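Descriptive structure summary
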Amino acid sequence: MKDSLVKRLATLDVRLSELDTLLSDPKVTEDLDQYRKLTKEHADIAPVVALFHQHRQAQADLATAQDMASDPEMRDFADEETRAAKARLEHIEAELQRALLPKDPNDERNIFVEIRAGTGGDESALFAGSLFRMYARFAERNRWQTEILSHSDGEMGGYKEIIFRIEGHGAYSRLKFESGGHRVQRVPETETQGRIHTSACTVAVMPEADDVSDVVINPAEIRIDTFRASGAGGQHINKTDSAVRITHLPTGIVVECQDGRSQHQNKAQALRVLAARIKDKQEQAAHSKIAAERKSLVGSGDRSERIRTYNFPQGRVTDHRINLTLYKIEAIMDGDLFELTDVLMAEHQAEQLAQLGELPA
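Along each chain, residues carry numbers from 1 onward, in the same order as the chain's sequence is written. The model is predicted, so local features are restricted to residues of pLDDT at least 70 and side-chain atom pairs to those at 80 or more, both for listing and for counting; the totals for chains, interfaces and linings are taken over all residues. Heavy atoms from the whole structure form the basis of all side-chain values; hydrogens and water molecules are not counted.

**Observations concerning the packing of helix H2 (residues 32-68) against helix H3 (residues 75-99)**
Counted only if it meets this: What counts as an axis is a line fitted to C-alpha atoms, over the stretch in contact for a helix, and the angles between N-to-C directions run from 0 to 180 degrees. Elements are defined by DSSP. Helices are runs of H or I of four residues or more, strands are runs of E of two residues or more, and each kind is numbered from the N terminus. Roughly parallel means an angle under 35 degrees; roughly antiparallel, over 145; roughly perpendicular, 65 to 115; everything else is oblique. In this scheme, a crossing is called left-handed if the near helix is turned counterclockwise away from the far one by less than a right angle; it is called right-handed if the turn is clockwise.
For the pair H2 and H3, interaxial distance at closest approach is 8 Å and the crossing angle is 160 degrees. As far as their axial angle goes, H3 and H2 are roughly antiparallel. In this structure, H2 crosses over H3, and the sense of that crossing is left-handed.

Listed below in structure tokens is the structure:
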């Protein structure tokens, strides 16, 4: 293992001892916020330090086995112990490298998902509807909750645009690689000659911002307009100016919400989406800077990038970032995204490990 990693682990070992001392002090519990921060840090560090201790023990076992090899009568036993100790060391080092990977602070957050129809007219809107159903079914499989915040219906069905929230543990970690261009190739129901049409939608997945610490929205920098909602929702929704449009003047970001039962509810939802979009814009800028220096296996984060093609005649789904093709389009469109998301997460981790290995010794 590289010296740089050993030094980081030794620093964590010292820090864990400090945390043990701090958490045993009754005065620390008087400040609940500080106590929660320290206990979270302790919970994050403890498993890594435990692996580090196992690594040290495996090194000691290897040294002992190699010393025994000098005794002819113990050579066979020593060789066996040496092989076992080396295998343990290799396994523990791999575990340690994974444990040291930088954690995305947004991974456990709830998410906002925006799907917009692109090229392809009515067929694109229908595809947007298919994508929404796919993500909603995936949420159901994970026992997550889905809530539609705003939508604009397509003339033949589906959506010109739909914004929805998914609430569930690890939602962002599973779906954060879905942002980008999604292309569909299929024969529309309205096509009389059986010709395959190609259309596209864009998907944006954004972590829900923390109301307190993540994004501060200056009331003087937003304009709030109300208007009469359209579409389904019963008589009440069409008789009052309950729909809300919020414009963030510094960035030009515009958010509309009309699916809530009241103007107050739509305003609250719109502010949440606005905060998420501002946070996402900030993170996209930072991500683009990093991606300019290193091309990510799972995409540069550019929302205009085509990431996936759904080919219905051939029954296949291809993710272009990782050159993965799965011939299970019906299952995927029904929300079985586990294989896709597992591979994308694994590829991201592999790239992180490669970068970790490039750190100077």
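**Topic: unusual backbone geometry**
To keep it simple, the criterion reads: Burial classes: relative accessible area under 20% of the type maximum marks a residue as buried, over 50% as exposed, and values in between as partly exposed (1.4 Å probe, protein chains only).
Here Arg143, not a glycine, exhibits a phi torsion of approximately 60 degrees, which is positive. If you trace the backbone, Arg143 turns up in the loop between helix H4 (122-141) and strand E2 (145-153). With a relative accessible area of 77%, Arg143 lands in the exposed category. Even without glycine at this site, Asn323 takes up a positive phi of about 55 degrees. As for its position among the elements, Asn323 is in the loop between strand E10 (316-319) and strand E11 (324-326). The exposed category is assigned to Asn323, whose relative accessible area is 70%.

**Some words on the confidence of the model for the protein chain**
Formally: Values of pLDDT, the confidence the predictor places in each residue, fall between 0 and 100. Residue contacts follow a heavy-atom distance rule, with two residues in contact if any of their heavy atoms lie within 4.5 Å.
With 88% of its residues at a pLDDT of 70 or more, the protein chain has an overall mean of 85. Mean pLDDT across the elements of the protein chain ranges from a minimum in helix H6 (residues 234-239), with 46, to a maximum in helix H8 (residues 329-333), with 97. Per-residue pLDDT stays below 50 along residues 232-237; that stretch engages in eight contacts with residues further than four places along the chain or on separate chains.

**Here we look at the environment of Ala220**
For Ala220, the location among the structural elements is in the loop between strand E5 (197-207) and strand E6 (222-227). For Ala220, a relative accessible area of 64% translates into the label exposed. Remark: the alpha-carbon pair of Ala220 and Leu249, spanning 29 residues in sequence, is separated by 9.0 Å.

**Observations concerning the sheet that holds strand E4 (residues 180-186)**
Which entries qualify depends on this criterion: For two strands to be treated as a pair, DSSP must find no fewer than two bridges joining them.
Read from one edge of the open sheet, eight strands run E2-E3-E1-E5-E4-E9-E10-E11, paired in mixed fashion. Across the chains shown, the open sheet's two edge strands, defined by having one partner strand only, are E2 and E11. On average, each strand axis in the sheet is tilted by 15 degrees relative to the strand beside it, whichever way the strands run. Two elements, strand E9 (residues 306-311) and E10, share four bridges in a ladder whose sense is antiparallel. Note that in E10 the partner of Arg308 across the bridge is Asp319.

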